[in-house]
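Chain and residue survey
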Amino acid sequence: MIGLDVYLYPDGIRVADPDDIIRWEKERELYDPHVRLFVALFPYNPSLMSPNPNTSEELPFQRGQVIKVYGDKDADGFYHGECAGRFGYIPSNMVAEIPVYDGDLKLELFQQGFLPEAYSPPESRALSSITAPSSITAPSSITAPSSMSSEASSSVPDDVKVRRMVAIFDYDPWESSPNLDMEDELPFKTGDIIYVFGEMDSDGFYYGDLHGCRGLIPSNYVEALPWN
């Protein structure tokens, strides 16, 4: 006796081909509670934004895109997952988990490819209400504001460009940083005002001051805040 896989269509039954079987296996994964869905909070281009020298195994994605994730993040702060038919690594600080656990709904969302607003996690909805300001920078004559400690401002060169940034998400380097030397980074809360010195570095971090403490700040967690 020969066993055959069959597919039930609305208009009848036919024998499944290899592509059908592969598709069924992928769909069945979404009923596994260890396979979760995440939404991209920001667009990500590994070749331009990754802190890693080898980006060939990382996934690019667009803001709002739904990503299938397998298991927990690794020691470097990356998940392994699937997006738009490709498999690879995803930086955990660029995505948020979608709180959906029903297998049918997970399958529907993943097949859509992008997340409807109704299912957005709180941080994704908060992001959608923020309009990135035009490239406003503080005039060169502005120095560190008086709310900064004298210790923090005394070592800043007179000609450095100082800008205000506002945190749009909470950030705990020990939980979210993709870097191994996270002790050089600043933790902060949503709404904190951070004073940034100079330009963003090649890894996507600013150097800034928060309440007299200085350190590195991930650029995708803050937005420019005009002086007036």
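Heads up: these notes are all about the structure in this document. (Residues numbered from 1 in each chain as written. Predicted model: local features only at pLDDT ≥ 70, side-chain atom pairs only at ≥ 80, totals over all residues. Heavy atoms only, no water.)

Moving on, we get to the sheet that holds strand β5 (residues 78-83). Spatially, β6-β5-β4-β3-β7 is the arrangement adopted by the five strands of the open sheet, whose pairing is antiparallel. Strands at the two margins of the open sheet, each flanked by one partner only, are β6 (86-91) and β7 (95-97). For this sheet the average axis-to-axis angle between neighbouring strands, irrespective of direction, equals 45°. Alignment of strand β3 (residues 35-40) against β7, held across three bridges, turns out to be antiparallel. (Pairing = 2+ DSSP bridges. Helix = DSSP H or I, 4+ residues; strand = E, 2+ residues; numbered from the N terminus. Axes fitted to C-alpha atoms, helices over the stretch in contact; angles between N-to-C directions.)

Right, let's get into unusual backbone geometry. One non-glycine residue with positive phi stands out, namely A84, at about 55°. On the basis of relative accessibility, which here comes to 65%, the residue A84 falls in the exposed class. One non-glycine residue with positive phi stands out, namely H211, at about 55°. Of note, H211 is situated in the loop between β10 (205-210) and β11 (213-218). (Buried < 20%, exposed > 50% of the residue type's maximum accessible area, 1.4 Å probe, protein only.)

It is worth spelling out the pattern of salt bridges at this point. All told, the structure shown has six salt bridges when counted by the stated rule. For E29, the salt bridge identified is with K68, shortest N-O distance 2.9 Å. Placement of the pair is E29 in helix α1 (residues 18-29) and K68 in strand β4 (residues 66-70), with a sequence separation of 39 residues. When its relative accessible area of 27% is taken as the criterion, E29 is described as partly exposed. You can call K68 buried: its relative accessible area is 1%. Of the charged contacts, one joins E97 and R36 as a salt bridge, the two residues approaching to 3.1 Å between their closest N and O atoms. Taken together, the residues span a long stretch of sequence, with E97 in strand β7 and R36 in strand β3 at a distance of 61 residues. Residue classification places R36 among the buried residues on the basis of a relative accessible area of 18%. (Salt bridge = Lys/Arg side-chain N within 4 Å of Asp/Glu carboxyl O.)

With respect to the helices, strands and loops of the structure, P46 is situated in helix α2 (residues 46-49). For the pair P46 and I90, spaced 44 residues apart in sequence, the C-alpha to C-alpha distance is 9.3 Å. With residues up to four places along the chain from it excluded, the contact list for P46 reads T55, E58, L59 and P60. (Contact = heavy atoms within 4.5 Å.)

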